[in-house]
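Below, each chain spelled out in residue letters.
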Amino acid sequence: MKYHHPSKELFIRNRKLFSDQLKPSSAAIFHSSDIYPIHADRFHKFQQQSDIYYLTGIDQEETILVLTPDHPDPSFREILFIRSLDPQVVIWEGEKLSIEKAESISGVSKIYNLNNYEIVLKELLYYVTNIYFNFNEYAKFFSDIEDRNSRKAREVMNKYPTHSFERSAPILHQLRMVKTREEIEIIKKACEITEKSFRHLLNAVKPEMMEYQVEAELEYVFKYNGATGSAYEPIVAGGENACSLHYIKNDKELKDGQLLLLDMGAEYGNYASDMSRTIPVNGRFTKRQKECYNAVLDVFKKACQKFTIGNTLKGINEYVNDLMQEACIKLGLFSEEDLKNQEEDYKLLQKYYMHKVSHHIGLNVHDVFDPNAKFEAGMVLTCEPGIYIKEEGIGIRIENDILVTLDGPVDLMANIPIEVEEIESLMNSSI
């Protein structure tokens, strides 16, 4: 295993918090992710469904968790189903979890082989009225592909139509927004690996490199230091490519005099980090590039101070929009008079700054959340203002991961170079 595994007490706690919020006489069913085919005999790499990981710590395909907290027999209130230890599978794919190992990871004491699922589920559902299903309810997610949880839920609905059906997502979204001390330590480790990779890149990036060569360098440092890899497709965008917010082709040559936008983050122990920096390809910012960079950096520093208990995403976005408008005026992108005459609020700004400034981070890089929730201690969010001036070939984004605490915001990436002078010094240190 590449990463230090969390204690089973974390998952025992998570299951209790979730189960305590179910209606009386309920069951909740969670399935692991599918392994998605590519073509011929190839499959995409398995990535565990984050909710079942949050509740069990099990990082293996074809895993099922069933919770029935009011079952008359206490030993049946938590049941885990895992793949049988088929010797042929082990020969071809390597070690799989034993029942003993799955118990030591998850803290679930009753574990069955997967082939017992249907008959055990029927017995469990006899004692319940409500069945909670785990649908993907992330607000901005749309897919033509039905996932395993949705597919299996439909099968249960057809087989047990007289039960009432409920949603797990609203409960889990609330729980997962607030991280435990152990989860925060794992996120910190992901941030540390991201820092190592970025420092390596500061000494590696040169004119005439290809964007994909930079990507290879960052991935190497991630994996060398125990990360699973990138928490998301990294953005390595030179020049005006940085003005495409989710540019991931990473296939162009870096030119002398360009800026390079890096949006990158290591995944460690299933938890994500998320960082953005913008650096000069040749190691020196031009006067205009420095002016634009420092304008974004000033907004970033002011915005970071707003990640305090009681604030909201909406409040931070409105604050940053106002700051970015002032920055754009100072940079000569539009005037105060233009601002007064615009047809709707922030219409002019959207040409140069068109995204939100923050999202929650955790088991997903865009972690589940309630958009109206007030910030609480233990929440981890990004702070990522940017400016995109396509006609000048300038795209700048600066992003760190911020922990909300009782004593104010804590920047988990505070050690990662961010000032113009430090970036230039490190990029030229080998010359």
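Look up: the structure comes first, before these words.
About the criteria used
Residues numbered from 1 in each chain as written. Predicted model: local features only at pLDDT ≥ 70, side-chain atom pairs only at ≥ 80, totals over all residues. Heavy atoms only, no water. Helix = DSSP H or I, 4+ residues; strand = E, 2+ residues; numbered from the N terminus. Rg over C-alpha atoms; globule rule 2.2 N^0.38 Å. Buried < 20%, exposed > 50% of the residue type's maximum accessible area, 1.4 Å probe, protein only. Contact = heavy atoms within 4.5 Å. Areas by Shrake-Rupley, 256 points an atom, 1.4 Å probe, with all protein chains shown as cover. Pairing = 2+ DSSP bridges. Axes fitted to C-alpha atoms, helices over the stretch in contact; angles between N-to-C directions. Core = buried A, V, L, I, M, F, W, Y, C linked by side-chain atoms within 4.5 Å.

(A) Quick look at the overall build of the protein. Of regular secondary structure, the protein possesses 13 helices and 17 strands. For the protein, whose C-alpha radius of gyration is 24 Å, the value lies close to the compact-globule estimate of 22 Å for 431 residues. Across its three principal directions, the C-alpha atoms of the protein cover 70 × 50 × 40 Å. Across the 431 residues of the protein, 53% fall into the buried class. The contacts in the protein between residues at least 6 apart in sequence include a share of 71% that link residues at least 24 apart. For the protein, the computed accessible surface area is about 20500 Å², with 50% contributed by carbon and sulfur atoms.

(B) Broad picture of the sheet that holds strand β12 (residues 275–280). With antiparallel pairing, 3 strands are arranged side by side in an open sheet as β8-β9-β12. Either end of the sheet is taken by a strand with one partner, and the two such strands are β8 (235–238) and β12. Put simply, the sheet's adjacent strands are angled 15° from each other on average, direction ignored. Sheet topology places β8 next to strand β9 (residues 259–264); 4 bridges connect them, and they run antiparallel. Residue pairing for β9: valine 236 is matched across the bridge by leucine 262. The strands touched by helix α9 (residues 211–224) within the sheet are β8 and β9, with β8 carrying the most contacts at an inclination of about 150°.

(C) Spotlight on the nonpolar core. Phe18 and Ile387 are the most contacted members of the largest nonpolar core, which has 106 residues in total. If near-sequence neighbours (up to four positions away) are discounted, phenylalanine 18 is found in contact with Ala28, Phe30, Leu55, Leu67, Ser168, Ile171, Leu172 and Leu175. Counting 18 residues, the second-largest nonpolar core is a separate cluster that includes Ile29, Ile79, Leu125 and Ile131.

(D) Helix α7 (residues 169–177), seen in detail. For α7, the buried fraction is high: 7 of the 9 residues fall into the buried class. The inward-facing, buried residues of α7 abut α1 (8–19), β1 (26–31), α2 (50–56), β5 (130–133), β6 (164–167) and β13 (380–383).

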